[in-house]
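If you want the building blocks of each chain, they are given just below.
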Amino acid sequence: EEARRLREAVAAGERVIEIDPALIERSPFADRLTDGARDDPEFEALKQSLAEHGQQVPVLVRPHPDAARAARGFYQIAYGHRRVAAARELGRKVRAVVRELDDAGLALAQGKENAERRALSFIERAFFARTLINHGFERATVQAALAVHKSEMTRLVQVAETVPLRIAQAIGPAPKAGRPRWVELGELLAQDRAGFAAEEIASAGFRAADSDARFQRLFDRLKASARRRQERPAGRATRIADAHGRAIAELARDARAARITIPKSAGEGFAD
């Protein structure tokens, strides 16, 4: 695979150059919830490999789309951000192929690399899809970048809309949590009027756990809260009277709904 990539670069007339990692900026289309070694157990091994054997496979970058930054030698990365992060921590230059790419080409290259190397988790793919859509990409382009069908694309976008980004970033990639549990978490978050989610992600135990454990802690906390609401006995009905003290309705609330009951004594046609 590495040899094939190098052959393709040579055949395309591209050359591999060395770039200061300080001049390489991230893609404008965020696709990961990890940063360096955080929630990425393979990062330290990658860094050690680079330290011992050097960078065997170049990353792909494009000249920075902002002309002023491009004139100062800045680039944007299409793929290989983990290698760039490792080289930055090691104080080494990055071997890179420079290719002229528009935004669509950058997104497609980024998605292809994610499919072939460390796969994105479900929630990372969901937010990558939403990011691309928010940048104005056609859905067909986004589906191609993520290599998903239309139905799966719909599910990804739905989850990204129900789970706030700050919650997803606090949890991280959670690779063991698939679509059904992220969908349920989104539903639980919508019911969290007491703010248990914010309280949980701020706790020391949550921050000390790994990504999958953080997901489970928050999921369990919100699930228990929802269960308590369902088990809570219904309150007494509230009598609603008119200006003359005559009962015209009763209001009853429980964990699922509020119900108004209108008696016949309220008057003919009042319910209508």
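The following paragraphs examine the structure supplied in this document. Since this is a predicted model, take the numbers as computed values, not measurements.

Conventions used here
Residues numbered from 1 in each chain as written. Predicted model: local features only at pLDDT ≥ 70, side-chain atom pairs only at ≥ 80, totals over all residues. Heavy atoms only, no water. Core = buried A, V, L, I, M, F, W, Y, C linked by side-chain atoms within 4.5 Å. Buried < 20%, exposed > 50% of the residue type's maximum accessible area, 1.4 Å probe, protein only. Helix = DSSP H or I, 4+ residues; strand = E, 2+ residues; numbered from the N terminus. Contact = heavy atoms within 4.5 Å. Salt bridge = Lys/Arg side-chain N within 4 Å of Asp/Glu carboxyl O. Pairing = 2+ DSSP bridges. Axes fitted to C-alpha atoms, helices over the stretch in contact; angles between N-to-C directions.

1. Topic: the nonpolar core
Grouped together as the largest cluster of nonpolar side chains are 47 residues, with contacts concentrated most on I171, W182, L185 and L218. In terms of residue count, the dominant contributor to this core is helix α6 (residues 122-134) (7 residues). With residues up to four places along the chain from it excluded, the contact list for L185 reads I171, F215, L218, F219 and L222.

2. Section: the pattern of salt bridges
This structure, assessed with the given rule, holds 11 salt bridges. The closest approach of N and O atoms between E152 and R125, which form a salt bridge, is 3.9 Å. Residue E152 is found in helix α8 (residues 150-162), and its partner R125 is found in helix α6; the two are separated by 27 residues along the sequence. Relative accessible area serves as the criterion here: at 18%, E152 is assigned to the buried category.

3. Remarks on the sheet that holds strand β5 (residues 94-98)
Read from one edge of the open sheet, 5 strands run β1-β5-β3-β4-β2, paired in mixed fashion. Every interior strand has two partners, whereas the edge strands, β1 (16-19) and β2 (24-25), have only one. Judged from the 4 bridges that link them, β1 and β5 form a sheet pairing that is antiparallel. Bridging across to β5, E18 finds its partner in R95. Packed onto the sheet, helix α4 (residues 81-90) meets β2, β3 (59-63), β4 (75-79) and β5 and runs at close to 125 degrees relative to β4.

4. Side note on the sheet that holds strand β7 (residues 247-253)
One open sheet accounts for 3 strands, arranged β6-β7-β8; its pairing is antiparallel. Strands with a single pairing partner mark the edges of an open sheet, and in this sheet they are β6 (238-241) and β8 (258-261). Strand-to-strand twist in this sheet, taken as the mean axis angle between neighbours without regard to direction, amounts to 25 degrees. Where β7 and β8 come together, 4 bridges link them in antiparallel fashion. Note that in β8 the partner of A252 across the bridge is R259.

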